[in-house]
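Secondary and tertiary structure notes
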Amino acid sequence: MKSPFTGGEATMHTEVIEMTFRKETFDVIAQYYICEDTGERFTTDKQDNLAINQLYNQYRERHGIPFVDDINDIISRYDVSAAKMSKILGFGENQYAKYMKGEIPSVSNGKLISLISDVSEFKKMVDKSQNEFTAEELKRIEKKLIPLQNNDESLYKTLLSDWLFSKNEKSIYTGYIKPDLDKVKNCILYFLHKFDGVFETKLNKLLFYSDFLSFKNYGVGISGLSYRAIDFGPVPQQYSTIYENIGNIDAEIVPFPHGTGKRLTPVENIDMSIFKEREIEIFEQVFAHFKNYNAVEISEASHKEAAWIESHDKKSLIRYDYGFCLKAM
């Protein structure tokens, strides 16, 4: 990085700082540069936004306030405009639209939005707001709710997701992403296709580095998986159960001189449309960095990460903010 003061070199540093939002304080890992010529400190817009994202994510987590993607998903699910949703919930005329763009709801409004993610609760709110709609509008909403209330496939996916991911909610242990069956499966399929099959041990590390590098760069993970530090390095929680049950993945036991390994191969194509451009870039960086590593080598690399070193003895879930300490990437 070139210094804006002298054009000379600048080095990046990190520190834990205290930030305040709505009269509450939070510890945030901040990045900044120091000009080597003058000793002056400066930050980039990206670093400032990363600190603010951490602050807002922690506030949402502390108070159970839905994240922006949750708020937008509700609109998509029920096919109701933001203006109509504001009327249903009793908000100001443009309030829901502001939440969709990133404004953080009050605690009470946040809990109300969370409540209507349940179809039956949303229907109750609509029934109480009938005077806000024409008969035709109400009929359209009711028609949209019928398949949602009687969707066996959706119920199955919800139950499977709860079982595989332990009903994980967005937190520092999921990278502030809620695990989603389709997204997790396509994260896995990306590497299975790129390597034309991957041993389970290596796949665990590829997913770890993808999620934690994403958090390092953007303050959020990709998959929403939680990770534990076991003897062989960081691994997704219940990884074997996930690989065996998420679907469209074949497993082959491969014998070695001193044991066996499980090699996973894809049965279906990957859906890249499910990912943001920045997520695809993270995957490509991880693939390029580790493409020539075998399972032992990538495990050894993961053993040098603070995420594993400081969590291994406790066998605890790994906080995603260890992403800021990554050494391999």
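Here, every reference points to the structure presented above.
Residues numbered from 1 in each chain as written. Predicted model: local features only at pLDDT ≥ 70, side-chain atom pairs only at ≥ 80, totals over all residues. Heavy atoms only, no water.

1. Regarding the sheet that holds strand β8 (residues 259-266)
Read across the open sheet, the three strands follow the order β4-β8-β7; overall the sheet is antiparallel. A single partner strand is all that each edge strand has here, and the edge strands are β4 (198-199) and β7 (249-256). In this sheet, β8 lies alongside β7 in antiparallel orientation, the contact comprising eight bridges. From the neighbouring strand, A251 faces β8, where its bridge partner is L264. Against the sheet, helix α9 (residues 181-194) makes contact with β4, β7 and β8, and its axis sits at roughly 105 degrees relative to β8, the strand it touches most. (Pairing = 2+ DSSP bridges. Helix = DSSP H or I, 4+ residues; strand = E, 2+ residues; numbered from the N terminus. Contact = heavy atoms within 4.5 Å. Axes fitted to C-alpha atoms, helices over the stretch in contact; angles between N-to-C directions.)

2. Looking at the sheet that holds strand β3 (residues 41-42)
Reading across from one edge, β1-β2-β3 is the order of the three strands in this open sheet, with antiparallel pairing throughout. The strands lining the two open edges of the sheet, one partner per strand, are β1 (10-21) and β3. For β1 and strand β2 (residues 24-35), the ladder comprises 12 bridges, and the chain directions are antiparallel. Within the sheet, the bridge partner assigned to T20 lies in β2 and is T25.

3. Notes on the packing of aromatic side chains
Scanning the entire structure with this criterion turns up 25 aromatic pairs. Here F21 and Y59 contribute two aromatic rings whose centre-to-centre distance is 4.9 Å and whose plane-to-plane angle is 85 degrees, an arrangement assigned as edge-to-face. Of this pair, F21 sits in strand β1 while Y59 sits in helix α1 (residues 45-63), and the two are 38 residues apart along the sequence. What makes Y59 buried here is its relative accessible area of 4%. Taking the centre distance of 4.5 Å and the plane angle of 35 degrees together, the rings of F208 and F212 count as tilted. Placement of the pair is F208 and F212 together in helix α10 (residues 200-218), with a separation of four residues, close to one helical turn. Per residue, the accessibility class of F208 equals that of F212, and both read buried. Three or more aromatic residues link up through ring pairs in this structure, and these residues are F67, Y176, F208, Y209, F212, F215, Y227, F290, Y293, Y320 and F324. Sitting over the face of the ring of Y218, R278 holds its NZ or CZ atom 4.6 Å from the ring centroid. (Phe/Tyr/Trp six-rings, centres within 6.5 Å; stacked < 30°, edge-to-face > 60°. Buried < 20%, exposed > 50% of the residue type's maximum accessible area, 1.4 Å probe, protein only. Lys NZ or Arg CZ within 6 Å of the ring centre and 35° of its normal.)

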